[in-house]
Amino acid sequence: MAFRVRCQVFVDVLPSGTGQMAAMQSPLQGPFGGGGFAQTISFVNTQGGYISAGAGTSPTTGALVSSDVTTLLNSLRSDMSSQIGAQLSRINNFLIGQG
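One structure accompanies this document, and this report is about it. (Residues numbered from 1 in each chain as written. Predicted model: local features only at pLDDT ≥ 70, side-chain atom pairs only at ≥ 80, totals over all residues. Heavy atoms only, no water.)

### Brief notes about the nonpolar core
Put simply, the rule is: The definition of a nonpolar core used throughout is a set of buried Ala, Val, Leu, Ile, Met, Phe, Trp, Tyr and Cys residues joined through side-chain atoms within 4.5 Å. Three labels apply to residues, based on accessible area from a 1.4 Å probe with only protein chains included: buried if under 20% of the type maximum, exposed if over 50%, partly exposed otherwise in between. Labels follow the DSSP assignment, with helices taken as runs of H or I lasting at least four residues and strands as runs of E lasting at least two, numbered in each case from the N terminus.
In this structure, C7, V11, V13, I41, F43, Y50, L72, L76, M80, I91 and F94 together form the largest nonpolar core, which totals 11 residues. The set of elements that each furnish at least two residues to this core consists of β2 (8–13), β3 (39–44) and α1 (66–86). Per-element tally for this core: the top contributor is α1, with three residues.

Below, the structure is given as structure tokens:
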């Protein structure tokens, strides 16, 4: 049995003076809510997501165990860190009205 994790991560840049709760000011839209006054960039997992073969044996061979979860989340962390890191210039340009 194999397990796959897929994700989408949103980075919101809140402009000066709006305060940390500004993202809550727009109506909820979709599963993540609105971005309010924020400029947003989103990142999606690499094609195929992150896959781990289940290492457990109960209730059947290939069951998901905590080490599988750790493997999946470490893959997610590494991928998002790489993608977001590659876009730091674009994200920081939001601070000066560009992006």
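### Overview of α1
Inclusion rule: Here a helix's expected span is defined as the number of its residues, less one, multiplied by 1.5 Å. The arc in question is the one traced by the directions running from the helix axis out to the C-beta atoms. Contacts: residue pairs with any heavy atoms within 4.5 Å of one another.
Compared with the 30 Å implied by 1.5 Å per residue over 21 residues, the 30 Å span of α1 between its first and last C-alpha is a close match. Those residues of α1 not exposed but buried are D68, L72, L76, D79 and M80. End-on view of α1: buried residues confined to an arc of 95 degrees, all on one side of the axis. In this structure, α1 carries S66, R77 and S82 as exposed residues pointing more than 90 degrees from its buried face. For α1, the elements touching its buried residues are β1 (2–5), β2, β3 and β4 (50–53).

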